[in-house]
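Secondary and tertiary structure notes
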Amino acid sequence: MKTCDLLVVGGGIVGLTLAREWLIRNPGSRVVVLEKEANSVAHGTGRNSGVVHSGIYYAENSLRAKLCVDGSQQMIDYAIEKKLWIDRCGKLLVPPTENALESIDLLVNRGKINGVEIRKLGRDEALELEPRVNMELEQALYVPSTSVVNPKEVAESVYNDVIASQGTVLYETKALSINAKYGIVQTRRGAFEAGLIVNAAGLFADQVAKDAGLETRYSFQPFKGKYWRHRDPGFQMRRLVYPVPDLNLPFLGVHSAHNARGDVFFGPSSTPVIGRENYRGFQGIEWRDGLRLSLSLAWKLIRNTNGLRTLAMREARLLSLKGVCDEVSRLVRGVRSTDLEPSFAKVGIRSQIFDPKAQRLVNDFVLVEDGRVVHILNAISPAFTASFAFAKHIIDQHGK
Ligand SMILES: Cc1cc2nc3c(=O)[nH]c(=O)nc-3n(C[C@H](O)[C@H](O)[C@H](O)COP(=O)(O)OP(=O)(O)OC[C@H]3O[C@@H](n4cnc5c(N)ncnc54)[C@H](O)[C@@H]3O)c2cc1C
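Residues numbered from 1 in each chain as written. Predicted model: local features only at pLDDT ≥ 70, side-chain atom pairs only at ≥ 80, totals over all residues. Heavy atoms only, no water.

The helix and strand tally for the protein stands at 10 helices and 23 strands. Over its C-alpha atoms the protein spans a radius of gyration of 21 Å, differing by no more than 12% from the 21 Å that the globule rule assigns to 400 residues. Principal axes of the C-alpha set define a box for the protein whose edges measure 65 × 50 × 40 Å. Restricting the contact set of the protein to residue pairs at least 6 apart, pairs at least 24 apart contribute 74%. Carbon together with sulfur atoms contributes 50% to the accessible area of the protein, which is approximately 17,600 Å² in total. (Helix = DSSP H or I, 4+ residues; strand = E, 2+ residues; numbered from the N terminus. Rg over C-alpha atoms; globule rule 2.2 N^0.38 Å. Contact = heavy atoms within 4.5 Å. Areas by Shrake-Rupley, 256 points an atom, 1.4 Å probe, with all protein chains shown as cover.)

It is worth spelling out the packing of aromatic side chains at this point. Aromatic rings in a pair are described by how distant their centres are and how their planes are angled relative to each other. Overall, the coordinates contain five aromatic pairs when judged by the stated rule. The interplanar angle of 40 degrees and the centroid separation of 4.8 Å between the aromatic rings of Tyr 78 and Phe 388 together place this pair among those described as tilted. With Tyr 78 in helix H2 (residues 63–81) and Phe 388 in helix H10 (residues 383–398), this residue pair connects regions lying 310 residues apart in the sequence. Of the two residues examined, Tyr 78 and Phe 388, each falls in the buried class. Above the face of the Phe 265 ring, Lys 346 is positioned so that its terminal group lies 5.3 Å from the ring centre. (Phe/Tyr/Trp six-rings, centres within 6.5 Å; stacked < 30°, edge-to-face > 60°. Buried < 20%, exposed > 50% of the residue type's maximum accessible area, 1.4 Å probe, protein only. Lys NZ or Arg CZ within 6 Å of the ring centre and 35° of its normal.)

Let us now look at the side chain of Glu 277. Within the element layout of this structure, Glu 277 appears in the loop between strand E18 (271–272) and helix H7 (287–303). Note on Glu 277: relative accessible area 17%, which makes it buried. Side chain to side chain, Glu 277 and His 43 meet in a polar contact 3.3 Å long. Among all residues touching Glu 277, those that are not within four sequence positions of it are Lys 36, Glu 37, His 43, Leu 203, Phe 204, Gln 283, Gly 284 and Ile 349. (Polar contact = N/O pair within 3.5 Å; in protein donor to acceptor, adjacent residues only side chain to side chain.)

Moving on: the sheet that holds strand E4 (residues 86–87). By way of backbone hydrogen bonds, the strands of a sheet pair with one another, either parallel or antiparallel. Strand order across the open sheet formed by three strands is E3-E8-E4, with antiparallel pairing between neighbours. Because the sheet does not close on itself, it has two edges, and the strands there are strand E3 (51–52) and E4. Where E4 meets strand E8 (residues 147–149), two bridges bridge the pair, whose relative direction is antiparallel. Bridge pairing links Ile 86 to Val 149 in E8. (Pairing = 2+ DSSP bridges.)

If you look at the biggest cluster of nonpolar residues, it comprises 42 residues, and the most contacted ones within it are Leu 6, Leu 18, Val 154, Val 198 and Phe 365. Those elements giving two or more residues to this core turn out to be strand E1 (2–9), helix H1 (13–25), strand E2 (31–34), H2, helix H5 (151–164), strand E12 (190–199), strand E23 (373–376) and H10. If near-sequence neighbours (up to four positions away) are discounted, Phe 365 is found in contact with Leu 63, Arg 64, Leu 67, Asn 378, Ala 379, Ile 380, Pro 382, Ala 383, Ala 386 and Phe 390. Membership of the second largest hydrophobic core comes to 31 residues, among which are Val 9, Leu 170, Ile 197 and Val 273. (Core = buried A, V, L, I, M, F, W, Y, C linked by side-chain atoms within 4.5 Å.)

Let's shift gears to the site of the ligand. In the vicinity of the ligand, 38 residues are found, and the nearest of them are Glu 35, Thr 45, Val 51, Ala 379 and Thr 385. Secondary structure elements with two or more residues in the shell around the ligand: H1, strand E19 (340–350) and H10. A per-class count over the shell around the ligand returns 18 nonpolar, 14 polar and six charged. There are two domains that each give the shell around the ligand at least three residues, and those are domain 1 (1–85 + 149–216 + 364–400) and domain 2 (219–361). (Near = heavy atom within 4 Å. Nonpolar A, V, L, I, M, F, W, Y, C, P; charged D, E, K, R; others polar. Domains from an automatic or database assignment.)

With omega at -10 degrees, the peptide bond leading from Gly 267 into Pro 268 counts as cis. Mapping Pro 268 onto the fold places it in the loop between strand E17 (264–267) and E18. Positioned with a positive phi, Gln 166 is a non-glycine residue whose angle comes to about 70 degrees. Along the polypeptide, Gln 166 turns up in the loop between H5 and strand E9 (168–170). Using a relative accessible area of 64% as the deciding quantity, one classes Gln 166 as exposed.

In a regular helix each residue adds 1.5 Å, so 13 residues correspond to 18 Å; H1 covers 18 Å between its end C-alpha atoms and thus fits that length. Counting buried positions along H1 yields 11 of 13 residues, so the element is predominantly enclosed. Residues of H1 that are buried include every one of Ile 13, Val 14, Gly 15, Leu 16, Thr 17, Leu 18, Ala 19, Arg 20, Glu 21, Trp 22 and Leu 23, and no others. (Expected span 1.5 Å × (residues − 1).)

A few words on the pairing of strand E14 (residues 223–230). E14 sits mainly inside the fold: six of its eight residues count as buried. Inspection of the sheet shows E14 paired to E18 by two bridges, in the antiparallel sense. Paired with Phe 223 across the strands is Pro 272, a residue of E18. In this structure, E14 lies alongside E17, joined through two bridges in antiparallel fashion. Of the residues in E17, the one forming a bridge with Arg 229 is Phe 265.

Of the strand pairs in this sheet, strand E22 (residues 367–370) and E23 are connected by four bridges, and their pairing is antiparallel. Pairing of Asp 370 across the sheet is with Val 373, part of E23. Between E22 and E23, which pair antiparallel one after the other, the connecting turn spans two residues, and Gly 371 there sits at a positive phi close to 60 degrees.

Here you go:
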């Protein structure tokens, strides 16, 4: 049996930043990351908008608020230090409907409480920042600190840091089972014994936890996020443009996103799905898990639990390009449905858990310690932004 000080299950950004932070604090210690795929970007880490969120959305005192605000600055500092691509473009939020006007003051207050700079803007100021923004309702919010990075480039850099500090990342190595009491993980490359095991398995974190003997009341509810690309390379945007979200629904809504090449995308959708890695067609649906997810989803839709039927109806509008264009046009002017094409490469699935007791999707990161294992059960957005702070938090709380 091989032994190590820290073993991480899952080599996405959360697992990699954790391994990196541990090695910074404990040089020369033995750290192993197990990743079932051939690289670190096959799932959430390589399939997100790359937005470094500021932390305005999250409730006061939540772990998401704290780790997003701290992590955002750390992600920006890291990208600058390593000379990675970063666009410190800021973000405009516009109300897509009159109902959303009510949320403007609430967001300004949350921003202030969470220590994030956020400003109300009128028509002219907003148009000066981003000439394409739709200012039909005359009001907008501006968050200067929001930035965009290339998540794949960040993950590659953090991987290189881990390797340079003598950490080990074993790709194509799935954790098959965990004995939480004795800290033993079985893989097809043999068994590992570790002082601390962290389950950072993203879309499979709840299953890995269950297989390790953890009993929780939570169930899993994946949501697919599709994007649409603007076909015209000349169509560029200076700022991110988001809707002022409906804070009763769990997702931020379709927004603009851009990359280093200047390609502009709109998305992501938030469609409930029945496969954890169901990026296309019926791919990634495991029949037993799929059946369980289907039954539980049908029940939630019938009862409109946590507004999920309302969300599903809103999502149905995105089935046609005209529907997508209508949604986008509430935020950005001058986009026609013929300008948009679905982006099959850029599709992500959220690692979302559901609390049957509260009858709600869980709205915060959830950490559960059991024996020698710490399980990260709800690494939803903004876990990418938060990852450097997340790593520090886990080691401070659980690293002896
Ligand atoms: C559409 C979309 C857009 C998003 N946009 C943003 C954004 O703009 N900004 C932001 O901050 N966040 C965003 N997020 C959230 C962000 O992508 C995730 O929070 C983040 O990627 C979580 O990282 P992770 O390392 O936990 O997950 P992952 O990257 O999914 O890593 C988990 C890894 O565990 C591996 N694994 C699973 N089971 C096992 C096993 N048994 N053994 C070994 N390995 C295993 C998987 O293969 C996977 O690589 C978005 C998410 C989605 C879906």
